[in-house]
Amino acid sequence: MSHYQKIKEPLGDRVLLIFLYVLLAIIAMSVLYPLLYILSSSLSSPKAVVSGQVWLFPAEFSLRAYQSILGSSQLMLGFYNSIVYTVVGTLINVAFTVLMAFPLSQRGMPGRKYLMILMMITLFFSGGLIPTYLLVKDLHLLDTRWALWLPGAFSIFQVIVARTFFQTSIPIELQEASQIDGCRDSRYLWSVVLPLSKPILAVMTLMYAVGHWNAYFDALIYLRSEHLFPLQYVLRNLLILNAVDPGMLANTSQRMRDQGFEQVLKYALIVVTCIPVLVLYPFVQKHFVKGVMIGSLKG
Amino acid sequence: MAQTWIKARRSWELYLLVLLPVLYLLVFKYIPMFGVLIAFKDFNAVDGILGSPWVGFKHFENLFASPNFPLLIKNTLAISFYALIAGFPIPILLALALNEIRTGFFKRAVQMVTYAPHFISTVVMVSIIILMLSPHVGIVERIFAFFGWSNTNFMGEPGLFKSIYVWSGVWQEMGYASIIYIAALAGVDPSLYEAARIDGASRFKKIIHIDLPSLIPITVIMLILSLGNVMGVGFEKIYLMQNPLNQSASEVISTYVYKVGLLGANFSFSSAVGLFNSVINLVLLLVVNFVARKVSENSLW
């Protein structure tokens, strides 16, 4: 806006605007503060944490908790398992989502409407926890990695998002041109549609991956063997059920344990678990926003 | 008819592509749907789902007669409606406030910070709550002590459970939930603002008369979805937040289904509870959608 167009804002407007700035600053700080507090506590000495010296910055800087975490085989195994579940699970999710969404986006395919109904019904009726559990049990998937990959092979929400994208963002002329050149449907999907859908594939991959990384419920229900537990399930035992891995306390003196080393350990565990997601987050934030927006388009 | 047949034959590759996902739907979604039959049977592992004897509505009658039943319903509904009333308007207000701020560092920073907690896992979220509220060493207790207020064992107090659950949820989700409203506000026709400006409308009036009405369609949709889900209170967070002290306020239908069904191996009864829950949910969704369509012309379908 150039200077001669500028109309001075009335007092009421300026007051409202200042109020909004202050309000948003307070909201942002109240979200940020607990996160900073956790980070600082994890970097402080047990004594400082327990005696309440930490308010915003680390007191008596210490990396002991992080050393203990690296020394815990249980946690490292959890990390490894979570990475396996996330990578394979996300690959399955994305493949299934594309395989479902692409045919649904093809207007020329008879029966498309029935496929859609077949899928949508499952949104409104579901067998629920027990019948699904019994099915997984009958398929002999209990206590295997497949139990965490197969029962949620794709999300209907993501299929609808992808279908909407295929329908609205890929010009129909491309399909006509490739059909004239004798291109089959699968080749068209692979060579034309997928390269043009990179943004939506990125969003989908991220959402599925975060979902796998953060999930504990399926592990709680389907897994029994300790060597299969994902990180979140291990964390639940450590953080919420207070079952601290003895290996993590091996290098600490009795005095440190008395001083609340476990408290600091918990803060450090939280930080370590969130790091993979939070490090990626600033780079992918705008993709997530885009994903929500495409999902909100009706149709 | 013949033409459809030709088209279908020409699309054989599409059917091949969709085969795997459809098989998945049939096996992992439709078989459990029929597995729900065990709610009307006395399931035992030897006879399987089909072989177990029918018992009609016995499990439902037991559920309704159970002394736990009123408490379960009360807790489920109370937590849902509390979460809805507290959690629903805040993202809208946040979106309205952010919409007034010029794009720049401050706006981007606020958005980035408020979206971030959405990506924290349930396990970590609940650990944060417990750590923050833990007696003697938690930050909340220290803040209370700083102001000279008395301390309580927050997680062990049934009266506080619902508030802790709901407000930690607001903390975690308000930013992310506002995205959809911010998107709707970005789509408002700028000529409306110009016209309002020429007519001398204040900022506040613009919010009331332009921004709010333009949010109505998406708000109605989101409200239908939330109301259709009031019986489906999330299992994951509540289950982790439960302890023996706060159980009287924290036991909801989904946690009960898990405990009785999987931990207690009472498959039939637990399926009946789950089925009762989903039927109420479905009916609610249909009713709310019907009412919304009559009243506001906005609906899911």
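Residues numbered from 1 in each chain as written. Chains lettered and ligands numbered in written order. Predicted model: local features only at pLDDT ≥ 70, side-chain atom pairs only at ≥ 80, totals over all residues.

(A) Here's a closer look at the overall build of chain A. Of the regular secondary structure elements, chain A holds 15 helices and 0 strands. Counting across all 299 residues of chain A, residues that qualify as buried make up 36%. When contacts within chain A are restricted to residue pairs at least 6 apart in sequence, those whose partners lie at least 24 apart make up 74%. (Helix = DSSP H or I, 4+ residues; strand = E, 2+ residues; numbered from the N terminus. Buried ≥ 20, exposed ≤ 12 C-beta atoms within 10 Å, placed from the backbone. Contact = placed C-beta atoms within 7 Å.)

(B) Region of interest: the UniProt feature "transmembrane region" (unreviewed entry) in chain A. Residue and element names in this part refer to chain A. In this structure's numbering, the residues bearing the UniProt feature "transmembrane region" (unreviewed entry) are residues 15-39, 83-102, 114-134, 146-166, 187-213 and 264-284. Across residues 187-213, the secondary structure splits into 96% helix and 0% strand, with the terminal C-alpha atoms separated by 33 Å. Secondary structure within residues 264-284 divides into 100% helix and 0% strand; the distance between the first and last C-alpha atoms comes to 30 Å. (UniProt positions renumbered as here; feature names shortened; annotations may be inferred.)

(C) Spatial organisation of unusual backbone geometry. Residue and element names in this part refer to chain A. A positive phi angle, close to 50 degrees, is found at Glu60, a residue other than glycine. Within the secondary structure, Glu60 sits in the loop between α2 (46-50) and α3 (64-70). In this structure, His140 is a non-glycine residue whose phi angle is positive, near 60 degrees. Topologically, His140 is positioned in the loop between α6 (129-138) and α7 (146-149).

(D) Summary view of the environment of Ala83(B). Residue and element names in this part refer to chain B. Relative to the helices and strands, Ala83 is located in helix α5 (residues 69-87). Taking the C-alpha atoms as reference points, Ala83 and Leu19, 64 residues apart in sequence, are found 40 Å from one another. Beyond its immediate chain neighbours, meaning those up to four positions away, Ala83 contacts Val166 and Gly169.

(E) Region of interest: the interface of chain B and chain A. Between chain B and chain A, the residue contacts involve 70 residues of the former and 77 residues of the latter. No other element matches the 14 residues that helix α2 (residues 12-35) of chain B contributes to the side of chain B that touches chain A.

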